[in-house]
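Coordinate inspection notes
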Amino acid sequence: MSRHKHNFYLGIDCGGTYLKAGLYNERGQEYSIERIALKTLTPQLGYAERDLSELWNALISIINHLLRNTGICGQQIKGIGISAQGKGLFLLDKDDKPLGNGILSSDRRATEIVRQWQQQGMREKLYPHTRQTLWTGHPVSLLRWLKENQPERYNRIGAVMMAHDYLRWCLTGEKSCEESNISESNLYNMNTGDYDPALSSLLNISEIDGVLSRIVGSAEIGGEVTPPAAELTGLVAGTPVVGGLFDVASSAVCAGLQDEYTLNAVMGTWSVTSGIADQLRTHEPYPYIYGRYVNAGHYIVHEASPTSSGNLEWLTALWGKMSFEEINAAVNHLPKASSEVLFLPFLYGSNAGLEMTAGFYGLQSSHDRSHLLQAVYEGVIFSHMTHLKRMLERFTQTQTIRVMGGPAHSKVWMQMFADVSNLPVELPQVEETGCLGAALAALVGTGIYKDFTEAQKNLGYTIYTIEPDQNSHSAYLNKINKYQLIIESLRDFHSQCESLNTFREERI
């Protein structure tokens, strides 16, 4: 018997590194969180995959642990929501069985396809309809790659999904695609709010039109926990499972975004800057990415690239265990922007061109580990500024930026963000935005709140503010200009390399 009398809502977050599950009360207050590390499989260079059976088993395990460790029984869980990283490709075959591994958004196998599409002007053809760029981890890029490289697997596709759609199917047996995520797939027409066969035809993947799952809203009930899933997880059959959220939308909800005065920056594997708009615009200064937001009639507008704190994790992993406190102390020990060392944070992709890779420049024998750590901190912020500057051209009334993600726990890193951007940085004290956003979707979907705006008003968390330092801002301006010069020089380098390769092929 449960030792608790209250009802709870289960929020699940399927990220790039961890699967998390949290219990929340009717006010969105966190009761308990469980985490399980997830494996990213790299069978070949540039691949990023996830074993779907292992992912389902991880969800079974984490829900069991959460219920057992809290003493809460399945009958007390009144709704379930799932948040997950966007893009990627999770497939079922025509017998409703997992079709190979899930492919994550950081996968780069389709790089050459995207390059060819860019040369053909495909982005310009798609953008007025989809409001998307082209990326190697988009479902359409991966589907086209499968068609060209694994036609047998491609012909066996029975359902196209993304990560949280797959987990919702595991719980409910219902196939559907959640709107905040599928709207950014290049299969969805932002003007009509539905799939568009003209898009798949343009991309030469029309065969998948008949296997696209129905679209569900973030708070729309997408199914109920089945008896087999209930027996495995400890949940109760019939518990409603809502559509859930793209993790970028989940972060924006938890950051309290409702108007055009505040932007949200997410710093994790991906560097993302988001704002909320009530209309699609034409003739904008940049082709911004739009997605359907959780409230009717609203869109989430964002810029993103996988150029954030994953770079720091890679570097520290090479050195062995090093605490975040030690890293911050090492960076804080150095004068701001004083080192000549520059770092390009492009280990997992780039916002400066498909051909760009990561690297340090300016190293001398006098530099030590602290200089490299400082350069990584700076490089991540400099790269993020590429997105932020573009967003500030769109959201001209921005007064502050709210930051979420691991780096937000570092006052050193956040002071650097404030100093470089010259904007106040607000830090909402929300530990797990994916789980909380998913739980809020369940609260709205089961009628506790009429919409997400009402749910946001009941979140009583603290917000810390870091003000920019003008002297430091001037110093960082000099260094970020050098960062941009390095990028421009490398673009010329890659262009000349391409010319050399073309010349060599012609000679042969």
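Bear in mind the structure is a predicted one, so any value in this text is a computation, not a measurement. (Residues numbered from 1 in each chain as written. Predicted model: local features only at pLDDT ≥ 70, side-chain atom pairs only at ≥ 80, totals over all residues. Heavy atoms only, no water.)

**Quick word on the domain arrangement of the chain**
Once the domains are mapped, the chain shows domain 1 (8-243), domain 2 (254-306 + 398-466) and domain 3 (309-385 + 470-504). Contact with domain 1, which involves 41 residues of that partner, is made by 35 residues of domain 2. Scanning the region where domain 1 abuts domain 2 turns up 2 salt bridges. Among the ionic pairs, glutamate 432 bridges to lysine 20, the shortest N-O distance being 2.9 Å. Linking domain 1 to domain 2 there are 12 residue pairs in polar contact (both at pLDDT 80 or more). Mapped by element, the contributors of at least two residues to the side of domain 1 that touches domain 2 are strand S1 (8-14), strand S2 (18-24), strand S3 (30-37), strand S5 (77-84), helix H3 (122-130), helix H7 (179-182) and strand S14 (240-242). Ranked by residue count, the leading element in the side of domain 1 that touches domain 2 is S5, at 6 residues. The residue inventory of the side of domain 1 that touches domain 2, partitioned by class, reads 15 nonpolar, 15 polar and 11 charged. (Domains from an automatic or database assignment. Contact = heavy atoms within 4.5 Å. Salt bridge = Lys/Arg side-chain N within 4 Å of Asp/Glu carboxyl O. Polar contact = N/O pair within 3.5 Å; in protein donor to acceptor, adjacent residues only side chain to side chain. Helix = DSSP H or I, 4+ residues; strand = E, 2+ residues; numbered from the N terminus. Nonpolar A, V, L, I, M, F, W, Y, C, P; charged D, E, K, R; others polar.)

**Overview of the UniProt feature "domain: Carbohydrate kinase FGGY C-terminal" (unreviewed entry) in the chain**
The UniProt record marks residues 263-444 with the feature "domain: Carbohydrate kinase FGGY C-terminal" (unreviewed entry), using the residue numbering of this structure. End C-alpha atoms of residues 263-444 are separated by 24 Å, and the span's content is 37% helix alongside 21% strand. (UniProt positions renumbered as here; feature names shortened; annotations may be inferred.)

**Some thoughts on the pairing of strand S18 (residues 289-292)**
Alternating positions in S18 separate into two faces, Ile289 and Gly291 on one and Tyr290 and Arg292 on the other, with burial throughout. Strand direction decides the pairing type here: S18 and strand S19 (residues 299-305), joined by 4 bridges, are antiparallel. The partner of tyrosine 290 across the bridge, within S19, is valine 301. Taking the residues that link successive antiparallel strands as the turn, the S18-S19 hairpin has 6 residues, and the phi of glycine 297 there is positive, at about 80°. (Buried < 20%, exposed > 50% of the residue type's maximum accessible area, 1.4 Å probe, protein only. Pairing = 2+ DSSP bridges.)

**Section: the UniProt feature "domain: Carbohydrate kinase FGGY N-terminal" (unreviewed entry) in the chain**
Residues annotated in UniProt with the feature "domain: Carbohydrate kinase FGGY N-terminal" (unreviewed entry) correspond here to residues 9-254. This span, residues 9-254, is 36% helix and 25% strand, and a straight line between its end C-alpha atoms measures 16 Å.

**Regarding the sheet that holds strand S24 (residues 463-466)**
Reading across from one edge, S18-S19-S17-S16-S22-S23-S24 is the order of the 7 strands in this open sheet, with mixed pairing throughout. Of all strands in the sheet, those bounded by a partner on one side alone are S18 and S24. Taking the axes of each pair of neighbouring strands and ignoring which way they run, one obtains an average angle of 30° across the sheet. (Axes fitted to C-alpha atoms, helices over the stretch in contact; angles between N-to-C directions.)

**A few points about the pairing of S2**
Most of S2 is tucked away: 6 of the 7 residues are buried. The sheet contact formed by S1 and S2 spans 6 bridges and is antiparallel. For cysteine 14, the partnering residue across the bridge sits in S2 and is leucine 19. If you look at the hairpin formed by S1 and S2, you'll find 3 residues sitting between the two strands. Sheet analysis places S2 next to S3, joined by 7 bridges and oriented antiparallel. When the bridges of S3 are listed, lysine 20 appears paired with arginine 35.

**Quick look at the packing of aromatic side chains**
In the structure shown here, the tally under the stated rule is 10 aromatic pairs. On the basis of an interplanar angle of 65° and a centroid distance of 5.8 Å, the ring pair of tyrosine 286 and tyrosine 288 is categorised as edge-to-face. Taken together, the ring pairs connect Phe90, Tyr166 and Trp169 into an aromatic cluster. In this structure, arginine 369 is placed above the aromatic ring of tryptophan 319, and the distance from its NZ or CZ to the ring centre is 5.3 Å. Cation over ring: arginine 394 sits above phenylalanine 395, and NZ or CZ is 4.6 Å from the ring centre. (Phe/Tyr/Trp six-rings, centres within 6.5 Å; stacked < 30°, edge-to-face > 60°. Lys NZ or Arg CZ within 6 Å of the ring centre and 35° of its normal.)

**With respect to the packing of helix H1 (residues 52-70) against helix H6 (residues 163-172)**
Orientation of H1 relative to H6, taken along the N-to-C sense of each, is 65°, at an axis distance of 11 Å. As for the relative orientation of H1 and H6, their crossing is right-handed in sense. Every residue of H6 that contacts H1 at Leu52, Ser53, Leu55, Trp56 and Leu59 is listed here: Tyr166, Leu167, Cys170 and Leu171. Split by residue class, the contact of H1 with H6 holds 8 nonpolar, 1 polar and no charged. (Left-handed = near helix turned anticlockwise from the far one by under 90°.)

**What about the packing of helix H11 (residues 310-319) against helix H13 (residues 369-394)?**
H13 packs onto H11 with a crossing angle of 160° between their chain directions and a minimal axis gap of 9 Å. On the basis of the axis angle, H11 is roughly antiparallel to H13. Crossing geometry of H11 relative to H13 is assigned as right-handed. Taking contact as the criterion, the partners of Asn311, Leu312, Leu315, Thr316 and Trp319 in H11 are, on H13, Arg369, Leu372, Leu373, Val376 and Tyr377. (Parallel < 35°, antiparallel > 145°, perpendicular 65-115°, else oblique.)

**Concerning unusual backbone geometry**
Of note in this structure, asparagine 204 is not a glycine but carries a positive phi near 60°. When you line up the elements, asparagine 204 lands in the loop between helix H8 (197-202) and strand S12 (214-216). In this structure asparagine 204 comes out as partly exposed when scored by relative accessible area, which is 38%. Within the chain, histidine 283 stands out as a residue other than glycine whose phi angle is a positive 55°. Structurally, the position occupied by histidine 283 is in the loop between strand S17 (271-277) and S18.

**Here's the deal with a nonpolar patch on the surface**
Judged by side-chain polarity, Trp314, Leu318, Trp319 and Tyr348 come together as a nonpolar surface patch covering roughly 390 Å² of accessible area. Tracing the backbone through its elements, the reader meets tryptophan 319 in helix H11. Overall, tryptophan 319 belongs to the partly exposed group, its relative accessible area being 32%. (Patch = residues over 30% accessible without salt bridge, like charges linked within 9 Å, V, L, I, M, F, W, Y side chains within 5 Å. Areas by Shrake-Rupley, 256 points an atom, 1.4 Å probe, with all protein chains shown as cover.)

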